[in-house]
Amino acid sequence: MRHAKVLIDRDFVIGHTDPRLFGGFIEHLGRCVYGGIYEPDHPTADERGFRGDVLALIKELGPTVVRYPGGNFVSGYNWEDGVGPAESRPSRLDLAWFSTEPNHFGTNEFIDWCRAAGLEPMLAVNLGTRGGDAARNLVEYCNHPRGTAWSDLRRAHGWEQPHDVKLWCLGNEMDGPWQMEHKTAEVYGAIAREAAKMMRSVDPTIKLVACGSSAHNMPTFARWEDTVLEHTFDHVDYISLHTYLNNYRRDTASFLASPDLMDRFIEDVVALADAAAAKRRSDKRMMLSFDEWNVWYRTGRRRTDLLKGEWPVAPAILEEVYTMEDALAFGGACISLLNHADRVKVACLAQLVNVIAPIMTQKGGSAWRQTIFFPFAHMGRLGRGRVLRTQVESETYETSGILDKFFALHNVPYLKMAAVAGDAGSLSLFILNRDLQQEMEVSVEARSFDRLSVREALELRHHDLEATNAEDAPERVKPRPLHAVGMDARRLLATLKPASWNVVHLAPS
């Protein structure tokens, strides 16, 4: 059995979790929208076509903000195609995902869906094939009360009150050669700056996200941030970053270490943002929007792989089936986000339904939870509050080699952990045991807290790391009570199973 010690003090705070840290993502991609959140013929659908079973699972999952409509899709999207009478909307070829977009679901339907789900909308504007003029018109359509062409058009479409969208992305992954009208940092930075100025002139209350690097190993990383922030620093509130964890090498131990690369990515972007501030002698601290993250590596996006030259509507693509192993790496990513709550203020799990998603559906049939559903739901429910520094003493291991193009990881702690102090003296612990063979005895000393007792303790594990949930076995992998846990004075003692995600919620006795 392995052993680990953790010291926590209520007054040693990393930062407060912003409600937007627990976000999600919906793109016009595959069956995410059509057959996912929107299926008018489904038995549970309401009069607007929203699937009731999916809405119920979204509420259980607990995201707070949702980014839309992309993603790669947005770089070729004309937002005007998705408003007005549905029968008059044009169908378009989507060059991002090699499919046909019927535009039955657009901006207004998305806002209504967010309201039905109790979520804040986060809209992305097209800075690929379009620019600042279309972007400022969309802000006017969504947020201006009345008396102008665009705001009165919204009212004519049936939405009398403004949508009041506060969070906007200035394009998507514009550093990526795969993006429609991919741009250099210099060109993108100038376009994003001017779009930001016009959008904020229409509504000074909005918050804006500039595109950072699409991955830590992009060849333009760091230079991209330097240049983009040179243009946009005074006009935006966030810089974005994206990461998808993968196990291409089929090395579980290294895969479970890969969330530590998220930590490094975040810290590098923080350093770049602070360097931009230092150049200006500015006390502004640019915050981060981690607005795409997940596990994704089995399903690709090459046209020959996806659609074989066809252009279908809502094809079943990128439908990753998640394993118990994936849920462990995913849980590590949740911990990484929590432990950087001082600077990561927005984060969006990509995506929510069917496409690399925690929720899967069958057309006309049921909806079920994938394995990654549970760590996100735990984080969203119990991760609100002040994230505390954790001093961890844990045995370590070596990864077998380079995890991405640039990095290897050494001395990886078997224990990865986050601690969040909530209201009324509560404390939530999110604990990942990355040892694949041995149990771990963990001792957690919680200083400056009143006497605590265990109110809830759960573990997510399965003896088969390849175990998945499916329509005919929706609960093969699910959380179960963690019995080997208790309090001794102000010290928590727990025995964690190998390869397990664990959550312990403590409250004053």
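1. Observations concerning the packing of aromatic side chains
On inspection of all chains with the given rule, the structure shows 18 aromatic pairs. Consider the rings of Tyr68 and Phe105, whose centres lie 6.1 Å apart with planes at 70 degrees: the pair is edge-to-face. Of the two residues, Tyr68 is situated in strand β3 (residues 65-68) and Phe105 in the loop between β5 (99-101) and α2 (107-117); the sequence distance between them amounts to 37 residues. Side by side, Tyr68 and Phe105 carry an identical accessibility label, which is buried. With a centroid separation of 5.6 Å and an interplanar angle of 75 degrees, the aromatic rings of Phe221 and Phe265 are classed as edge-to-face. Pair noted here: Phe221 is in the loop between β8 (207-210) and α6 (223-232) and Phe265 is in helix α8 (residues 259-279), with a separation of 44 residues, a long-range link. For the pair Phe221 and Phe265, a shared accessibility class is recorded, and that class is buried. Here the aromatic cluster, defined as three or more aromatic residues joined through ring pairs, consists of Tyr34, Tyr38, Phe50, Tyr68, Phe105 and Phe110. Just above the ring of Phe449 sits the side chain of Arg10; from NZ or CZ to the centre is 5.9 Å.

2. Section: the pattern of salt bridges
By the definition in use, this model includes 35 salt bridges. Measuring nitrogen to oxygen at the nearest pair gives 2.8 Å for the salt bridge that ties Asp81 to Arg92. Placement of the pair is Asp81 in the loop between β3 and β4 (92-94) and Arg92 in strand β4, with a sequence separation of eleven residues. A relative accessible area of 40% means that Arg92 is categorised as partly exposed. In this structure, the salt-bridge partner of Arg491 is Glu445, at a minimum N-O distance of 3.8 Å. With a gap of 46 residues between them, Arg491 in strand β23 (residues 491-496) and Glu445 in strand β19 (residues 440-447) connect regions that are remote in the sequence. Residues joined in a network through salt bridges with shared partners are Arg146, Asp152, Arg155 and Glu160.

3. Points about empty space enclosed by the protein
A full pass over the atoms with the stated rule returns four cavities of 30 Å³ or more. Considering the residues around the largest cavity, the lining is formed by 14 residues, among which Trp79, Ala124, Val125, Asn126 and Leu138 are closest to the centre. Looking at the lining of the largest cavity, the elements with two or more residues in it are β6 (120-125) and α3 (132-143). For the lining of the largest cavity, the residue count by class is ten nonpolar, three polar and one charged. The volume enclosed by the second largest cavity comes to roughly 70 Å³. His28, Leu29, Gly30, Ser99 and Glu101 are, among the 13 residues lining the second largest cavity, the residues nearest its centre. Looking at the lining of the second largest cavity, the element that brings in the most residues is β5, giving three residues.

4. Quick word on the nonpolar core
Ranked by size, the top nonpolar core spans 156 residues in total, and within it Trp113, Trp168, Leu170 and Leu429 carry the most contacts. In this structure, Met122, Cys169, Tyr238 and Ala350 belong to the second largest nonpolar core, which totals twelve residues.

5. So, the sheet that holds strand β20 (residues 452-460)
The ten strands lie next to each other as β21-β20-β24-β18-β17-β14-β1-β19-β23-β22, forming an open sheet whose pairing is mixed. Strands with a single pairing partner mark the edges of an open sheet, and in this sheet they are β21 (480-481) and β22 (485-488). Contacts from helix α11 (residues 373-382) reach β17 (415-421), β18 (427-433), β20 and β24 (500-508) within the one sheet, and its direction differs from that of β20 by about 160 degrees.

6. As for the packing of α6 against α8
Running from amino to carboxyl end, α6 crosses α8 at an angle of 40 degrees, the nearest separation of the two axes being 10 Å. As summarised for this structure, α6 and α8 are arranged oblique, according to the angle between their axes. At the point where α6 passes α8, the crossing takes the right-handed sense. Residues Glu225, Asp226 and Leu229 of α6 form the contact with α8, whose participating residues are Leu272, Ala273, Ala276 and Lys279. When its residues are assigned to classes, the contact of α6 with α8 shows four nonpolar, no polar and three charged.

7. As for unusual backbone geometry
Going from Gly70 to Gly71, the amide bond is cis rather than trans, its omega being 10 degrees. Along the chain, Gly71 turns up in the loop between β3 and β4. The omega angle of the peptide bond from Ala350 to Gln351 is -10 degrees, so this bond is cis rather than trans. Even without being a glycine, Leu318 presents a positive backbone phi close to 55 degrees. Residues other than glycine seldom take positive phi values, yet Asn411 does so here, at roughly 50 degrees. Relative to the elements of secondary structure, Asn411 occurs in the loop between β15 (396-397) and β16 (412-413).

8. A look at the layout of surface pockets
Estimated volume of the largest pocket: approximately 930 Å³. Around the largest pocket sit 40 residues that line it, and Ala215, Thr243, Tyr244, Asn246 and Trp296 are the ones nearest its centre. Elements that contribute at least two residues to the lining of the largest pocket include exactly β9 (238-245), α7 (252-257) and α8. In terms of residue count, β9 provides more of the lining of the largest pocket than any other element does, four residues in total. Of the residues belonging to the lining of the largest pocket, the class tally is 19 nonpolar, 14 polar and seven charged. By volume, the second largest pocket is sized at about 360 Å³. Lining the second largest pocket we find 18 residues, and of these Asp260, Asp263, Asn339, Lys416 and Met417 sit closest to its centre. If you list the elements that add at least two residues to the lining of the second largest pocket, you get α8, β14 (386-394), β16 and β17. With four residues, the top contributor of residues to the lining of the second largest pocket is α8.

About the cut-offs
- Residues numbered from 1 in each chain as written.
- Predicted model: local features only at pLDDT ≥ 70, side-chain atom pairs only at ≥ 80, totals over all residues.
- Heavy atoms only, no water.
- Phe/Tyr/Trp six-rings, centres within 6.5 Å; stacked < 30°, edge-to-face > 60°.
- Helix = DSSP H or I, 4+ residues; strand = E, 2+ residues; numbered from the N terminus.
- Buried < 20%, exposed > 50% of the residue type's maximum accessible area, 1.4 Å probe, protein only.
- Lys NZ or Arg CZ within 6 Å of the ring centre and 35° of its normal.
- Salt bridge = Lys/Arg side-chain N within 4 Å of Asp/Glu carboxyl O.
- 1 Å grid on protein atoms, 1.4 Å probe; cavity = no way out; pocket = protein on both sides within 12 Å on 5 of 7 lines; lining within 4 Å.
- Points joined across faces, edges and corners; volume = space filled by probe spheres on them.
- Nonpolar A, V, L, I, M, F, W, Y, C, P; charged D, E, K, R; others polar.
- Core = buried A, V, L, I, M, F, W, Y, C linked by side-chain atoms within 4.5 Å.
- Pairing = 2+ DSSP bridges.
- Contact = heavy atoms within 4.5 Å.
- Axes fitted to C-alpha atoms, helices over the stretch in contact; angles between N-to-C directions.
- Parallel < 35°, antiparallel > 145°, perpendicular 65-115°, else oblique.
- Left-handed = near helix turned anticlockwise from the far one by under 90°.

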